[in-house]
Amino acid sequence: KSPVEVSAEILAALRQRAEDTFDTDALHGAVITVPAYFDDAQRQATKDAAQLAGLNVLRLLNEPTAAAIAYGLDNAIEGLYAVYDLGGGTFDISLLRLSKGVFEVVAVGGDSALGGDDYDMALAVWLLAQAGLPTLDALDAHDKRVVLRAARAAKEAMSSTDTTVAAATLGAGALSQSVSREAFEAVTQSLTQRTLQLMKRVLRDAKIKADEVQGIVMVGGSTRMPVVQAAVEAFYGRAPLTNLNPDEVVALGAAVQANAL
């Protein structure tokens, strides 16, 4: 199967789910979101996949634009807005300019190999070292997965508490290690700094200073980490928008756009 055919199968399954939810056989159309860095060929391939899935594409919407629309920023003061998108495996930063209710993508950047998974990995390495257990690379696939799962659970717990215990049963021995938010932030500091460096580069490319940005939207589950929110606030000198679910904000913006159309 070609990538377009695989994508079409996913879209067809989503179409089926939507039809079941609305108890109808005919969807009038769909708004589909795509990464801002998608080129014309990738956008056309997305449209082709939708057509194969029997969907009428009303509009392809850039993901950062969708997130901004979800926050109602299309009705905000004209100017520059940043969208900081840190997911499980990728990081994207987009700079948007709002003019007469329309968003224009000014600059994009990011790292397709930087995300929440890397935070889990860094914490797992630290936990094993603290417990005097074999390194992550020395573990078999099963134990590695168990440790990463424990690290992720600890990371998620520390979004709402200052200390937690990471526990896992391994072939090499039991892991039960206390970890503080401070320690977690220290072992993952280089990852957070990488996102800040990429933001600096995007601003530099666009010849814009951080204090010219009027609002920052947070997208992706990994932006729930307090350390990430604090770093973004310190960088821009203003608190980012975080009151919508970061996992759903892009879909919500697409829904608002579909309703308007």
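For the structure itself, consult the block above.
Not measured: the values here are computed from a predicted model. (Residues numbered from 1 in each chain as written. Predicted model: local features only at pLDDT ≥ 70, side-chain atom pairs only at ≥ 80, totals over all residues. Heavy atoms only, no water.)

(A) The arrangement of the environment of Gln16 in detail. Here Gln16 shows up in helix 1 (residues 3–22). With a relative accessible area of 40%, Gln16 lands in the partly exposed category. When the C-alpha positions of Gln16 and Ala26 are compared, they lie 9.9 Å apart, and in sequence the two are 10 residues distant. (Helix = DSSP H or I, 4+ residues; strand = E, 2+ residues; numbered from the N terminus. Buried < 20%, exposed > 50% of the residue type's maximum accessible area, 1.4 Å probe, protein only.)

(B) Local environment of the pairing of strand 5 (residues 102–111). As defined by bridge partners, strand 4 (residues 91–99) adjoins strand 5 across 9 bridges and the pair is classed as antiparallel. Paired with Phe91 across the two strands is Asp111, which belongs to strand 5. Here strand 4 hands over to strand 5 after 2 residues, with Lys100 in that stretch at a positive phi of 55 degrees. (Pairing = 2+ DSSP bridges.)

(C) Broad picture of helix 9 (residues 249–260). Helix length check: helix 9, at 12 residues, gives a terminal C-alpha distance of 17 Å against a target of 16 Å (1.5 Å per residue), a fit within 8%. Residues of helix 9 that are buried include every one of Val249, Val250, Gly253, Ala254 and Gln257, and no others. The arc enclosing the buried residues of helix 9, seen along the axis, measures out at 140 degrees, which places them on a common side. Facing away from the buried surface of helix 9 by more than 90 degrees, the exposed residues are Ala251 and Asn259. (Expected span 1.5 Å × (residues − 1). Arc of directions from axis to C-beta.)

(D) Inspection of the side chain of Thr65 at higher detail. You can see Thr65 is positioned in helix 3 (residues 63–70). With near-sequence residues (within four places) excluded, Thr65 lies in contact with Leu96, Phe103 and Val105. (Contact = heavy atoms within 4.5 Å.)

(E) Spatial organisation of the sheet that holds strand 8 (residues 213–219). Strand order across the open sheet formed by 4 strands is 5-4-3-8, with mixed pairing between neighbours. Of all strands in the sheet, those with a lone pairing partner are strand 5 and strand 8, marking the two edges. Ignoring which end each strand starts from, the neighbouring axes of this sheet average 20 degrees apart. Its contacts with the sheet put helix 8 (residues 226–236) on strand 3 (79–86), strand 4 and strand 8, and the angle it makes with strand 8 is roughly 165 degrees. (Axes fitted to C-alpha atoms, helices over the stretch in contact; angles between N-to-C directions.)

(F) Up close: the packing of aromatic side chains. Using the criterion set out here, one finds 4 aromatic pairs in the structure. Ring geometry for Tyr37 against Phe38: centres 6.2 Å apart, planes inclined by 70 degrees, an arrangement best described as edge-to-face. Classification of Tyr37 by relative accessible area gives partly exposed; the value is 46%. (Phe/Tyr/Trp six-rings, centres within 6.5 Å; stacked < 30°, edge-to-face > 60°.)

On their own, these measurements won't tell you what the molecule is for.
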